[in-house]
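Residues per chain are reported as follows:
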Amino acid sequence: MEPFSDQYMEFHPIHGTNVKLDHSGTQATRVESFANGVCFSKHPLNPGEIFLIEIEDKELGWCGHLRVGLTARNPISLEAVPEYSIPDLTDLGDSWVFAITRNHNKVVEEEDGGDGQAGGQRLGRGELEDGMSNPHPKTFFTDSHLYIENVRIPRDKLVGRSRPGRFSHILDDLFKTNALPPTARRSRIGVLYVPKGRDLADMHIIINGEDMGASAKDIPTIQPLYAVVDVFAATKCVRIVQVEYGFSSLQTLCRQTIQKHIVHRMAIDWLDLPEALKHYCKYE
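The structure reproduced in this document is the subject of the present report. (Residues numbered from 1 in each chain as written. Predicted model: local features only at pLDDT ≥ 70, side-chain atom pairs only at ≥ 80, totals over all residues. Heavy atoms only, no water.)

A count of helical and extended segments in the protein gives four helices and 13 strands. For the protein, the proportion of its 284 residues judged to be buried stands at 50%. Excluding contacts between residues fewer than 6 apart, the proportion of contacts in the protein whose partners are at least 24 apart in sequence is 70%. (Helix = DSSP H or I, 4+ residues; strand = E, 2+ residues; numbered from the N terminus. Buried < 20%, exposed > 50% of the residue type's maximum accessible area, 1.4 Å probe, protein only. Contact = heavy atoms within 4.5 Å.)

Another aspect to go through is the sheet that holds strand E11 (residues 210–220). By definition, the strands of a sheet pair up through backbone hydrogen bonds, in either a parallel or an antiparallel sense. Reading across the sheet, the seven strands line up as E1-E2-E13-E4-E9-E10-E11 and stay open at both edges, with antiparallel pairing between neighbours. Looking at which strands have only one partner, the edges of the open sheet turn out to be strand E1 (19–21) and E11. Averaged over all pairs of adjacent strands, the angle between their axes in this sheet comes to 25 degrees, without regard to strand direction. Bridge count between strand E9 (residues 188–195) and strand E10 (residues 200–207): seven bridges; the pairing is antiparallel. Paired with Val191 across the two strands is Ile205, which belongs to E10. (Pairing = 2+ DSSP bridges. Axes fitted to C-alpha atoms, helices over the stretch in contact; angles between N-to-C directions.)

Right, let's get into the side chain of Ser187. By secondary structure assignment, the location of Ser187 is in the loop between helix H2 (168–176) and E9. Reaching out from Ser187, the side chain makes a polar contact with the backbone oxygen of Pro182 at a distance of 3.2 Å. Discounting chain neighbours no more than four positions away, the residues touching Ser187 are Ile53, Glu54, Ile55, Phe175, Pro181, Pro182 and Asn208. (Polar contact = N/O pair within 3.5 Å; in protein donor to acceptor, adjacent residues only side chain to side chain.)

Under the definition given, this model contains ten salt bridges. In this structure, Arg186 and Glu54 form a salt bridge, with 3.3 Å as the shortest nitrogen-oxygen distance. Of the two residues, Arg186 is situated in the loop between H2 and E9 and Glu54 in strand E4 (residues 51–58); the sequence distance between them amounts to 132 residues. Glu54 sits in the buried class, given a relative accessible area of 0%. For Arg185, the salt bridge is made with Asp57, and the minimal N-O distance between the two is 3.6 Å. Residue Arg185 is found in the loop between H2 and E9, and its partner Asp57 is found in strand E4; the two are separated by 128 residues along the sequence. (Salt bridge = Lys/Arg side-chain N within 4 Å of Asp/Glu carboxyl O.)

Here we take up unusual backbone geometry. Along the chain, Ile86 connects to Pro87 via a cis peptide bond; the corresponding omega equals 10 degrees. Topologically, Pro87 is positioned in helix H1 (residues 85–91). A positive phi angle, close to 55 degrees, is found at Glu149, a residue other than glycine. Summarising the element assignment, Glu149 is placed in the loop between strand E7 (145–148) and strand E8 (151–154). Given the relative accessible area of 54%, Glu149 is considered exposed. You will see that Arg186, though not glycine, has its phi angle at about 80 degrees, which is positive. Residue classification places Arg186 among the buried positions, given a relative accessible area of 9%.

Moving on to the sheet that holds strand E12 (residues 226–230). Taken together, the four strands give an open sheet; going across it, the order is E3-E12-E5-E6, and neighbouring strands pair in antiparallel fashion. The two strands at the open ends of the sheet, each matched to only one other strand, are strand E3 (38–40) and strand E6 (95–99). Recorded for the sheet is a direction-independent mean angle of 20 degrees between the axes of neighbouring strands. Relative to E12, strand E5 (residues 67–71) is paired through five bridges, and the arrangement is antiparallel. Across the sheet, residue Val68 finds its bridge partner in E12, namely Val229.

Following the criterion strictly, the structure yields five aromatic pairs and no others. When the ring of Phe11 is compared with that of Phe51, the centres are 5.8 Å apart and the planes differ by 70 degrees; the resulting orientation is edge-to-face. Of the two residues, Phe11 is situated in the segment before E1 and Phe51 in strand E4; the sequence distance between them amounts to 40 residues. Given a relative accessible area of 1%, Phe51 falls into the buried group. Ring geometry for Phe34 and Trp62: centres 4.8 Å apart, planes at 40 degrees, overall tilted. (Phe/Tyr/Trp six-rings, centres within 6.5 Å; stacked < 30°, edge-to-face > 60°.)

Any functional reading would require information that these geometric values do not contain.
Written as structure tokens, this is what we have:
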């Protein structure tokens, strides 16, 4: 798929009643309760364009985690933002939302059943926790891009990175191999749709750089599709991560070069570099 111009991602000003956005519109925090945390992308997504968020904060004491997906409903057209993405938003129709769990987020393709629906089709649900095995080995991220059919996404921002500290080099490797739960702080989770023919597409969830498969199939693309992020239950705060599709910025190129030649991120402190560049290499 041909690359498209980078679009600065923000949350839509219309959102759940318990959500507070920061001044940039890129951080969403649920300030009360465990529900009413539904958010949308400010603009519809382009085909193959990922809406990527990072889990910044969690809240103990609740069951359930982040939910992500797509909706063909323009947030402006909603009489009220639903309390829950699943089932309230999905029950309105034209919405496909996937619940991120601690385990078993990978979609297992199966043969078509007697109901005529395609295997692996989890339209608007995705709550399956037990009994699913992963037939595919984990990917060790040696490629510079993630490929899904004819879609090409730069990997640089897709994988979560721990907060710099004593064990950063260990935790970063765990993020890269998806050994940590996807619901952990600093995990990065994205949603996109991949065209599959005339006016149809599949929705894919990406967790720390790994494609979880088509979690919803044959989505109509006649209407614009907005990303859905439900800051639900144990997930308290998320931040949008901007993805560079065209030429990488000078900062990004510097960081990639530096990281190729160091043992781990904390070693950046030993280098004779401007403090601003050190901070970017360690934190972004």
